[in-house]
Amino acid sequence: MPAPRPNDAAPNAVILNRVRRAQGQLGGVQRMMEEGRDLGEVVAQLKAVTKALDKVAFTLLVEELQVRVADDAGPERIDEIERIFLALA
């Protein structure tokens, strides 16, 4: 296991904000279910929450990728890899 880096203890504020938004969306889904809302609406919101969380996971992976390959690849290549990787989310 690699040694922790100093920024490991301080998650990216943008990522944390995305997690908070997804948490709020999930609370909304719970309320929709309690109110007996239409199944299609509930599933659509669940899909949105899932996509948001997938984006968080991919972003975390990209950040790790940047740290690991920064010495071996130029910034343009890293930006290109990030763009392609996040397009999968």
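Look above for the structure.
Within each chain, residues carry numbers counting from 1 in the order of the written sequence. Reporting in this predicted model follows two pLDDT cut-offs: at least 70 for local features of residues, and 80 or more for side-chain atom pairs to be given and counted; totals over whole chains, interfaces and linings ignore these cut-offs and use all residues. The side-chain numbers reported here are obtained from all heavy atoms of the structure, hydrogens and water having been left aside.

### Focus on the overall build of the protein
Step number 1: Put simply, DSSP H or I for four residues or longer makes a helix, DSSP E for two residues or longer makes a strand, and each gets a number counted from the N terminus. Across its full length, the protein carries 3 helices and 0 strands.
Step number 2: Beginning at the N terminus, the succession of helices and strands in the protein can be written as α-α-α.
Step number 3: Out of the 89 residues belonging to the protein, those deemed buried represent 13%.
Step number 4: Using a 1.4 Å probe, the Shrake-Rupley method yields the accessible areas, and only the shown protein chains count as cover for residues. When the accessible surface of the protein is summed, it comes to about 6700 Å², and 59% of that surface belongs to carbon and sulfur atoms. Here the term buried applies to any residue with accessible area under 20% of the maximum for its type, exposed to any over 50%, and partly exposed to those in between, with areas from a 1.4 Å probe on protein chains only.

### A closer look at the pattern of salt bridges
For side chains of opposite charge, pairing can occur when their charged atoms come near one another.
Step number 1: Salt bridges, as used here, are contacts in which a Lys or Arg side-chain nitrogen is within 4 Å of a carboxyl oxygen on Asp or Glu. All chains considered together, the criterion is met by 2 salt bridges.
Step number 2: The salt bridge involving R37 is made with E35; its shortest N-O contact spans 3.6 Å.
Step number 3: Residue R37 is classed as partly exposed on the basis of its relative accessible area of 40%.
Step number 4: A salt bridge links E41 to R37; the shortest N-O distance between them is 2.9 Å.
Step number 5: Here E41 falls in the partly exposed class, since its relative accessible area comes to 36%.
Step number 6: Among the charged side chains, a salt-bridge network with shared partners connects E35, R37 and E41.

### Quick look at the environment of A44
Step number 1: Tracing the chain through its elements places A44 in helix α2 (residues 39-69).
Step number 2: Along the sequence, A44 and V29 sit 15 residues apart, while their C-alpha atoms lie 9.5 Å from each other.

### Some points on helix α1 (residues 13-34)
Step number 1: Between the first and last residue of a helix there are one fewer steps than residues, each counted as 1.5 Å, and that sum is the expected span. Its 22 residues place the ends of α1 32 Å apart at the C-alpha level, agreeing with the 32 Å of an ideal helix rising 1.5 Å per residue.
Step number 2: Where α1 is buried, its residues contact α2.
Step number 3: A 3.5 Å cut-off defines polar contacts: any pair of N or O atoms within that distance qualifies, except that in protein one atom must be a possible hydrogen donor and the other a possible acceptor, and neighbouring residues in sequence count only when both atoms are side-chain atoms. For α1, the N-terminal cap is N12; the gap from its side-chain oxygen to the backbone nitrogen of V14 is 2.7 Å.
Step number 4: Positive backbone phi, at 75°, marks G36, one or two positions downstream of α1. Note on definitions: a residue-residue contact is assigned when non-hydrogen atoms from the two residues lie within 4.5 Å.

Nothing here speaks to function; it is all geometry.
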